[in-house]
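Analysis of the macromolecular model
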Amino acid sequence: MKGTVLICCFFSLLQLQATAEEEGGDDFISVLRDRSHIDETLRLATEEKAGDYAAALERLRKIYHTSIRPMEQAYKYNELRQHEISDGEITSKPMVLFLGPWSVGKSSMINYLLGMNDSPYQLYTGAEPTTSEFTVIMHGEKIRSVEGIVMAADSSRSFSPLEKFGQTFLEKLIGIEMPHKLLERVTFVDTPGIIENRKQQERGYPFNDVCQWFIDRADLIFVVFDPTKLDVGLELEMLFRQLKGRESQIRIILNKADNLATQDLMRVYGALFWSLAPLINVTEPPRVYVSSFWPYDYAPDTSRELFKREEISLLEDLNQVIENRMENKIAFIRQHGIRVRIHGLLVDRYVQTFKEKMSYFSDPELVFKEIVDDPDKFYIFKSILAKTNVSKFDLPNRDAYRDFFGVNPITNFKPLTAQCSYMGGCLLEKIERAITNELPALLSSINSGKQPGLSSCEATGCGEKPKNRYRKN
């Protein structure tokens, strides 16, 4: 009986739509929502000072390549964290990632924000699971689609590391380029909807690992829900585990809110928090936006003023990320530099401990196995905390180094005291100078509106011999 009623309602809706189109196209088009507040809130009519950002990005790229990357390569940091930063990632626009169950309105929301409805390149939407690819919507001189293998092969983009997930995944990766003012400032990524009854191996590629790659690089993460289906299963639980540590970037969206009466919507809002509370273990929960993000007018007898304010609030949040993108990029590179520095200090400490414990009659494998199995016995991590200003909360997992040294023998690494040259200076001093001086100075120049210039050493040559404060006298 229920199925019959739903079918009748569906055909009635189609009949009304057809009648409206026949009697007068203007009447049907009038149900489209006004989009002027999107351009106004995101300030798409204003011109950017592209030169300032270009100079700052070039300065940031130089700092990374001269001060951070040398230590990253010397101590094989990428093999520990699997996060190699390319020039494309440094110069890339902010990334907004859309996650969530299937058919909750992720693609419709992107179509709405970009005004792509009824265009040849609008993202396909429907009541059934429709998006099976990772779709990257980015700026281009003309509208065109780009295959995943082309995106990964282009070193000027930030997607070349995705090749490690295999050709099956690249076939499920697609890019859409289009000339749009918003896409000049931000890139959108639409993801396949989570289907709880599907096993990961059925996708043919490591879905969670790919999601983690995008999560690690996203500036803003929209997790979208439908108020009529709030089931939380294993895949969604896994997704929120991957979001740990990125709570400040997460925004929860309760989409299609005009499908419910106000009282029912309040109950659903409470049920959503009840479902997500065990998954988001933070003092301050993520911001939740309640609205209906698609181009058509809100359903009658719903809280349209509330939904409009919520939509503007979300747009202001998005605009904040866009306006702060340079500051966020500098902070990201500095955070990366801190992790590389900690890794270098730890590897150096492992090397020193190994050399101290080795004797003429010692078996190198047994000595190092004892060190790597119980680093606390040799105060490896505690010595880093005692002798440097490293926080204990920034130290990596001890077990990760057992795997790291299993692939990279300890004898392949030199101590920090040997990582100095007359012309190039010392690796540790360069990365510390970048973390404590150069990157904060670049950030200050952005905030003050000054053009980022070269450091005094880059301008004059600084030919004095580098001092090695770790060399034993």
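For clarity, every value in this text was computed on a predicted model and none was experimentally measured.

Calculation rules
Within any chain, residue numbers begin from 1 and follow the written order of that chain's sequence. pLDDT decides what is reported in this predicted model: residues at 70 or higher carry local features, side-chain atom pairs at 80 or more are listed and counted, and totals for whole chains, interfaces and linings draw on all residues regardless. Calculation of side-chain values draws on the structure's entire complement of heavy atoms; hydrogens and water are dropped beforehand. Criterion for a disulfide: a pair of cysteine sulfur atoms within 2.5 Å. The buried label goes to any residue with under 20% of its type's maximum accessible area, the exposed label to any with over 50%, and the partly exposed label to all in between, with areas taken from a 1.4 Å probe on protein chains only. Each helix is a run of H or I in the DSSP string that is no shorter than four residues. Each strand is a run of E no shorter than two, and both are numbered from the N terminus. By definition, two strands form a pair when at least two bridges between them are found by DSSP. The axes used here are C-alpha line fits, helices contributing only the stretch in contact, and every angle between their N-to-C directions lies in the interval 0 to 180 degrees. Whether two residues are in contact is decided by their heavy atoms: any pair within 4.5 Å suffices. Pairing of aromatic rings covers Phe, Tyr and Trp, the last through its six-membered ring, and needs centres within 6.5 Å; plane angles under 30 degrees mean stacked, over 60 mean edge-to-face, and all others mean tilted. A ring is considered to have a charge above it if a Lys NZ or an Arg CZ atom is located within 6 Å of its centre and within 35 degrees of its normal. Take the buried Ala, Val, Leu, Ile, Met, Phe, Trp, Tyr and Cys residues and link them wherever side-chain atoms come within 4.5 Å; each set so joined is a nonpolar core. Working rule for angles: under 35 degrees goes down as roughly parallel, over 145 as roughly antiparallel, 65 to 115 as roughly perpendicular, anything else as oblique. Left-handed is the label given to a crossing in which the near helix is rotated counterclockwise from the far helix by less than a right angle, and right-handed is the label when the rotation is clockwise. Charged residues are taken to be Asp, Glu, Lys and Arg, nonpolar residues to be Ala, Val, Leu, Ile, Met, Phe, Trp, Tyr, Cys and Pro, and polar residues to be all remaining types, Gly included. Note on definitions: the grid is 1 Å and covers protein atoms alone; a cavity is a set of points where a 1.4 Å probe fits but cannot get out; a pocket is an open set with protein on both sides within 12 Å along at least five of seven lines; lining residues have an atom within 4 Å of a point. Grid points are joined across faces, edges and corners, and a volume is the space filled by probe spheres set on the points. The pLDDT value expresses, per residue, how confident the predictor is, ranging between 0 and 100. Whenever Lys or Arg places a side-chain nitrogen within 4 Å of a carboxyl oxygen from Asp or Glu, that contact is recorded as a salt bridge.

1. Side note on the state of the cysteines
If you walk through the whole model with that rule in mind, you get one disulfide. Between the sulfur atoms of Cys420 and its disulfide mate Cys426 the distance is 2.1 Å. Judged by the sign of its S-S torsion, about 115 degrees, the bond between Cys420 and Cys426 is right-handed. Relative accessible area serves as the criterion here: at 4%, Cys426 is assigned to the buried category.

2. A short note on unusual backbone geometry
A positive phi is found at Asp301, a non-glycine position, where the angle reads about 60 degrees. With respect to the helices and strands, Asp301 occurs in the loop between strand 8 (287-290) and helix 13 (304-323). Positive phi is not limited to glycine here, since Tyr379 has a value of about 55 degrees. Along the polypeptide, Tyr379 turns up in the loop between helix 15 (364-373) and helix 16 (380-387).

3. Examining the sheet that holds strand 6 (residues 220-225)
Neighbouring strands of a sheet are bound in pairs by backbone hydrogen bonds; such pairs are parallel or else antiparallel. The mixed open sheet is built from eight strands, whose spatial order is 3-4-2-5-1-6-7-8. Both outer strands of the open sheet, strand 3 (144-147) and strand 8, are each paired with one neighbouring strand and no more. Between one strand axis and the next, the sheet turns through 20 degrees on average, direction left out of account. Here helix 7 (residues 106-114) sits on the sheet and contacts strand 1 (95-99), strand 2 (134-139), strand 5 (187-190), strand 6 and strand 7 (250-254); the angle it forms with strand 5, its principal contact strand, is near 160 degrees.

4. A short note on the packing of aromatic side chains
By the definition in use, this model includes 25 aromatic pairs. Between Phe134 and Tyr205 the ring centres are 6.4 Å apart and the planes differ by 70 degrees, which places this aromatic pair in the edge-to-face class. Residue Phe134 is found in strand 2, and its partner Tyr205 is found in the loop between strand 5 and helix 10 (207-217); the two are separated by 71 residues along the sequence. Of the residues examined, Tyr205 reaches a relative accessible area of 6% and is grouped as buried. Ring centres of Phe134 and Phe207 lie 6.0 Å apart, and the angle between their planes is 45 degrees; on these two criteria the pair is classed as tilted. In this pair, Phe134 sits in strand 2 while Phe207 sits in helix 10, placing the two residues 73 residues apart along the sequence. A network of ring pairs unites the aromatic residues Tyr75, Tyr350, Phe354, Phe368, Phe381, Tyr401, Phe404, Phe405 and Phe413 as a single cluster. Over the ring of Tyr112 we find Arg33, and its NZ or CZ is 5.2 Å from the ring centre.

5. Points about the nonpolar core
Formed by 48 residues in total, the largest nonpolar core has its most connected members in Phe169, Phe214, Phe225 and Phe240. With sequence-adjacent residues up to four places away left out, Phe214 is seen in contact with Met95, Leu97, Phe134, Phe159, Leu162, Phe169, Leu173 and Val189. Formed by 47 residues, the second largest nonpolar core is a distinct cluster that contains Leu57, Val367, Phe405 and Leu442.

6. Examining helix 7
Burial of helix 7 is extensive: nine of the nine residues sit out of reach of the surface. Where helix 7 is concerned, the buried positions are Lys106, Ser107, Ser108, Met109, Ile110, Asn111, Tyr112, Leu113 and Leu114. Residue Gly115 follows helix 7 closely and has a positive phi angle near 65 degrees.

7. Regarding the packing of helix 14 (residues 325-357) against helix 16
Two elements in contact, helix 14 and helix 16, have axes whose closest approach is 10 Å; the angle formed by their N-to-C orientations is 120 degrees. Viewed along their axes, helix 14 and helix 16 adopt a mutual orientation that is oblique. Between helix 14 and helix 16 the crossing geometry is right-handed. Only Ile380, Phe381, Ser383 and Ile384 of helix 16 make contact with helix 14, whose side of the interface consists of Leu345, Leu346, Arg349, Tyr350 and Thr353. Its residues assigned to classes, the contact of helix 14 with helix 16 comprises six nonpolar, two polar and one charged.

8. Overview of empty space enclosed by the protein
Throughout the structure, instances matching the rule amount to two cavities of 30 Å³ or more. Taken as a whole, the second largest cavity holds about 40 Å³ of empty space.

9. So, the side chain of Gln242
Residue placement: Gln242 occurs in helix 11 (residues 234-242). Those residues in contact with Gln242, other than ones at most four positions away along the chain, are Asn208, Asp209, Cys211, Gln212 and Ile215.

10. What to know about the packing of helix 15 against helix 17 (residues 398-407)
Between helix 15 and helix 17, the shortest axis-to-axis distance is 9 Å and the interhelical angle comes to 155 degrees. Viewed along their axes, helix 15 and helix 17 adopt a mutual orientation that is roughly antiparallel. Between helix 15 and helix 17, the contacting residues are Phe368, Val372 and Asp373 on the first element and Tyr401, Arg402 and Phe405 on the second. The residue makeup of the contact of helix 15 with helix 17, split by class, is four nonpolar, no polar and two charged.

11. Details of the confidence of the model for the chain
On average, residues of the chain score 82 in pLDDT, and 83% of them are at 70 or above. Low pLDDT, under 50, characterises residues 454-473; the predicted model gives this stretch 24 contacts beyond four residues in sequence or across chains.

12. Thoughts on the pattern of salt bridges
For the structure shown, the criterion picks out 19 salt bridges. For Arg61, the salt bridge identified is with Glu58, shortest N-O distance 3.0 Å. Linking Arg61 with Glu58, this pair stays in helix 4 (residues 50-74), spanning three residues, or about one helical turn. Note on Glu58: relative accessible area 34%, which makes it partly exposed. In this structure, Glu310 engages Arg287 in a salt bridge whose closest nitrogen and oxygen atoms are separated by 3.3 Å. Taken as a pair, Glu310 in helix 13 and Arg287 in strand 8 lie far apart in primary sequence, 23 residues in all. We classify Glu310 as buried; its relative accessible area is 12%. Each member of the salt-bridge network shares a partner with another, and the members are Lys369, Asp373, Asp399 and Arg402.

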